[in-house]
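Residues per chain, in single letters:
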Amino acid sequence: MYLYSVCDQTKMDKRCETLDKKSCYVCGKENLNKNEIGLTKKLLDKNSKYFYCLDCLAEYLEVDTEFLLVKVEEFKEQGCILF
Amino acid sequence: MIYADNAATTKISDLAFENMLPFLREQYGNASSQYSLGSKSRQAIIRSRQQVAVAIGADPSEIIFTSGGSEANSWVLRSFLEAYFNEAPHIITSSIEHHSVLNTCHALEQCGVEVTYLPVDNNGCVSVKDVRSAIKPTTKLVSIMFANNEIGTIQPIKEIGKLLNERGILFHTDAVQAVGHIPIDVHDLQIDFLTASSHKFNGAKGTGLLYKRSGLKLTPLVFGGEQEQGLRAGTENVAGIVALGCALEESVADIAEVRERLTNLVHITIKRLKEVIPKISVNGEGAVRLPGIVNVTFPCASGEAMMHLLDMKGICVSTSSACNSGKDMPSHVLLALGLTEQEATSSIRISYGRYNTLDEAEKIVAAVSSAYSKIVANH
């Protein structure tokens, strides 16, 4: 016997999705994508309070965005599930 | 780029590189061949064996070339299973050994070998008293690393060698981090088996060595030809062996001068780091350590993040943890020292080598300070 309906499950999924949504600490860009969230966790701290969009993170770390995109591919290749 | 991960690997020295090159090109003869081209390769191997023997106080006949430290470590330990197959032998090792020793021991346990893993103190030192207490009538071998790869702590090898020699127990030491960096005399230290790796002392990757005291038996690793006393068959890696002998001779020639310089770099690095980040702790600080290794734990800053931020500034250091699939795996060495998982994953290792300079050490400290500020600002 199911403890909750499919409809309830969908609502729960939506709620989780909302909770997981991050915006950029600097420019306010909303709905940061998985790579942006992953980069913040990987390069600053997995428990980081603040998150950055690609452009703001590049500026914060004094590198260019292309460099960060290359890093994303490297991390993916290494099997990191943050990306 | 500033390379400060010399405990992981080192840049091949110009001399070693130049000496190995002819054996990859015009002097490509098989050392087992009877004509002149083969003879030149054979002579080169003989010379390299002599260079190694002189460097560690051994006889050339006691040196066996391998593919590296891991192969040699695994070989020595596994050999005991075959030698004492029906006796369920006991082996003593430490909890902070390299995985080539630890994982071999785990495999041996599955085959009925009893293994005791000795603890270490908070500086990463094995106690001779603990070794003595762990000895059983069935103890056949003790394997304790010469110096630790993550924190640089040098173990009381001479005291352990003396104890085991008195008890008639064989002594193996994984000296991968120590050979070429600190003076070693295998007879003085009463070592029976010693392993080393060429790329840790500015030789080429893919070549290592095993010292086996004269008269001791070891089961063959590879069957085939008579290479390496018939214990490790297969055509020799002549170029790699030449680079190994050359690099080791070169390292030993100026060992005191390099040691003094690296000790100074470490001293300055620790002093400056403590000035800019007062709450850091230096792992193994109270122990006698290898020259060149600094392992520091930061208050509340991920070691992995620190390593990546330094990488972005062109600085190569190592984390003490391994990142697997986004999850930090704390170092077994740092955990054995008593660090918490959080502390162990908040650590990095800076390891200087013969080519590092004071200016590079200053740049590393500045970059660590900057990276630390960026990381903690987000907490």
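Residues numbered from 1 in each chain as written. Chains lettered and ligands numbered in written order. Predicted model: local features only at pLDDT ≥ 70, side-chain atom pairs only at ≥ 80, totals over all residues.

K.L.:
What's the story with the overall build of chain B in this structure? I'm lost.
P.N.:
In terms of regular secondary structure, chain B is built from 12 helices and 15 strands. The C-alpha atoms of chain B give 21 Å as radius of gyration, which agrees with the globular expectation for 379 residues (21 Å, within 12%). With the C-alpha coordinates of chain B rotated into their principal frame, the extents come out at 65 × 55 × 40 Å. Residues classed as buried in chain B amount to 50% of the 379 residues present. (Helix = DSSP H or I, 4+ residues; strand = E, 2+ residues; numbered from the N terminus. Rg over C-alpha atoms; globule rule 2.2 N^0.38 Å. Buried ≥ 20, exposed ≤ 12 C-beta atoms within 10 Å, placed from the backbone.)

K.L.:
What's the story with the overall build of chain A in this structure? I'm lost.
P.N.:
Of regular secondary structure, chain A possesses 4 helices and 0 strands. Tracing chain A from N to C terminus, the helices and strands come up as α-α-α-α. For chain A, the residues scored as buried account for 27% of the 83 residues in total. Here the analysis covers contacts within chain A between residues at least 6 apart in sequence; of these, 42% occur between residues at least 24 apart. (Contact = placed C-beta atoms within 7 Å.)

K.L.:
Where do I start with the sheet that holds strand S8 (residues 208-212) of chain B in this structure?
P.N.:
Strand pairing in a sheet is mediated by backbone hydrogen bonds. Such pairs are either parallel or antiparallel. Residues and elements named next belong to chain B. One open sheet holds the 7 strands; their spatial order is S2-S8-S7-S6-S5-S3-S4, and the pairing between them is mixed. The two strands at the open ends of the sheet, each matched to only one other strand, are strand S2 (63-66) and strand S4 (114-118). Sheet twist, expressed as the mean angle between neighbouring strand axes with direction ignored, is 20°. The sheet contact formed by strand S3 (residues 90-94) and S4 spans 5 bridges and is parallel. Each bridged residue has a counterpart across the sheet, and for Thr93 the counterpart in S4 is Tyr117. (Pairing = 2+ DSSP bridges. Axes fitted to C-alpha atoms, helices over the stretch in contact; angles between N-to-C directions.)

K.L.:
What am I meant to see in the interface of chain B and chain A here?
P.N.:
A common way to express how large an interface is: the accessible area buried when the components associate. Contacts between chain B and chain A engage 12 residues on the former and 15 residues on the latter. Those elements that place two or more of their residues in the side of chain B that touches chain A are helix H9 (303-312) and helix H12 (358-376) of chain B. The dominant element in the side of chain B that touches chain A, judged by the number of residues it contributes, is H9 of chain B, at 4 residues. Residue composition of the side of chain B that touches chain A, by class: 5 nonpolar, 6 polar and 1 charged. (Nonpolar A, V, L, I, M, F, W, Y, C, P; charged D, E, K, R; others polar.)

K.L.:
Honestly, the packing of helix H2 (residues 36-56) of chain B against helix H7 (residues 238-253) of chain B in this entry has me stumped. Any pointers?
P.N.:
Pairs of packed helices are described in terms of their axes, by the angle between the two and the distance that separates them. All names here are of chain B. The contact between H2 and H7 brings their axes to 8 Å, and the two run at 30°. Between H2 and H7, the angle is such that the two are roughly parallel. Note on packing geometry: the crossing formed by H2 with H7 is left-handed. Packed against H2, whose contacting residues are Ser41, Ala44, Ile45, Arg47, Ser48, Gln51, Val52 and Ala55, the element H7 presents Val238, Ile241, Val242, Leu244, Gly245, Leu248, Glu249 and Val252 at the interface. Class assignment for the residues of the contact of H2 with H7 results in 10 nonpolar, 4 polar and 2 charged. (Parallel < 35°, antiparallel > 145°, perpendicular 65-115°, else oblique. Left-handed = near helix turned anticlockwise from the far one by under 90°.)

K.L.:
Teacher, can you tell me more about the confidence of the model for chain A here?
P.N.:
Where the model shows low pLDDT, its predicted coordinates should not be examined in detail. Residue and element names in this part refer to chain A. In this model, chain A carries an average pLDDT of 82, and 76% of its residues clear a pLDDT of 70 or more. No element of chain A has a lower mean pLDDT than helix H1 (residues 6-20), at 45, and none a higher one than helix H3 (residues 54-61), at 96. For residues 1-19, every residue scores under 50 in pLDDT, and the model assigns this stretch 1 contact once sequence neighbours within four places are set aside. (pLDDT = per-residue confidence, 0-100.)

K.L.:
It is not clear to me how the domain arrangement of chain B should be interpreted in this structure. Could you clarify?
P.N.:
All names here are of chain B. Per the domain assignment, the segments of chain B are domain 1 (14-253) and domain 2 (254-376). The straight-line distance from the C-alpha centre of domain 1 to that of domain 2 is 28 Å. Across the boundary between the two partners, domain 1 contributes 24 residues, which contact 22 residues of domain 2. Class assignment for the residues of the side of domain 1 that touches domain 2 results in 12 nonpolar, 11 polar and 1 charged. (Domains from an automatic or database assignment.)

K.L.:
How do you make sense of the pairing of strand S5 (residues 139-143) of chain B when you look at a structure like this?
P.N.:
For a regular strand, side chains alternate in direction, first toward one face of the sheet and then toward the other. Residues and elements named next belong to chain B. Of all 5 residues making up S5, 4 are buried, and the element is well covered by its neighbours. Bridging between S3 and S5 involves 4 bridges; their strand directions are parallel. Among the inter-strand pairings, His90 is bridged to a residue of S5, identified as Thr139. Here S5 runs beside strand S6 (residues 170-174); their pairing, made up of 3 bridges, is parallel. Directly across from Ser143, in S6, lies its bridge partner His172. In the classification by handedness, the crossover that spans S5, the intervening helix H6 (residues 157-167) and the parallel S6 is right-handed. (Right-handed = clockwise from strand over helix to strand, strands pointing away.)

K.L.:
Mind showing me how you'd approach the environment of Glu73 of chain A here?
P.N.:
By the secondary structure assignment, Glu73 of chain A is in helix H4 (residues 65-77). Along the chain, Glu73 of chain A and Asn35 of chain A lie 38 residues apart, while their C-alpha atoms are 9.7 Å from each other.

K.L.:
Would you explain the sheet that holds strand S15 (residues 347-351) of chain B in this entry?
P.N.:
All names here are of chain B. The strand order across the open sheet built from 4 strands is S9-S10-S15-S12, with neighbouring strands paired in antiparallel fashion. Strand pairing shows two members of the sheet lacking a second neighbour, strand S9 (281-282) and strand S12 (318-319), which therefore form its edges. Relative to S15, strand S10 (residues 293-297) runs antiparallel, the two being bridged by 5 bridges. Bridging across to S15, Ile293 finds its partner in Ser351.

K.L.:
Which parts of the structure should I look at to understand H12 of chain B?
P.N.:
The α-helix winds at 3.6 residues per turn, so residues separated by three or four positions along the chain end up facing the same way. Residues and elements named next belong to chain B. Helix length check: H12 (19 residues) gives 27 Å between terminal C-alpha atoms against 27 Å at 1.5 Å per residue, within 8%. Among all positions of H12, only Ala361, Ile364, Val365, Val368, Ala371, Tyr372 and Ile375 are buried. All buried residues of H12 lie within an arc of 135° about the axis, which places them on one face of the element. What points out from H12, more than 90 degrees from its buried face, is the exposed set Asp359 and Ser373. The elements touched by buried residues of H12 are strand S1 (2-3), helix H8 (255-276), H9, strand S11 (315-316) and S15. (Expected span 1.5 Å × (residues − 1). Arc of directions from axis to C-beta.)

K.L.:
Please clarify how the pairing of S6 of chain B should be interpreted in this entry.
P.N.:
Residue and element names in this part refer to chain B. Counting buried residues along S6, 4 of its 5 residues qualify, which places the element largely inside the surrounding structure. Inspection of the sheet shows S6 paired to strand S7 (residues 193-197) by 3 bridges, in the parallel sense. Bridge pairing in S7 links Asp174 to Thr195.

K.L.:
Please clarify how unusual backbone geometry should be interpreted in this entry.
P.N.:
Glycine aside, residues mostly have negative phi angles, and peptide bonds mostly take the trans form. Of note in the backbone geometry, Ala88 of chain B takes a positive phi value of approximately 45° without being a glycine. The exposed category is assigned to Ala88 of chain B, around which 12 C-beta atoms lie within 10 Å.

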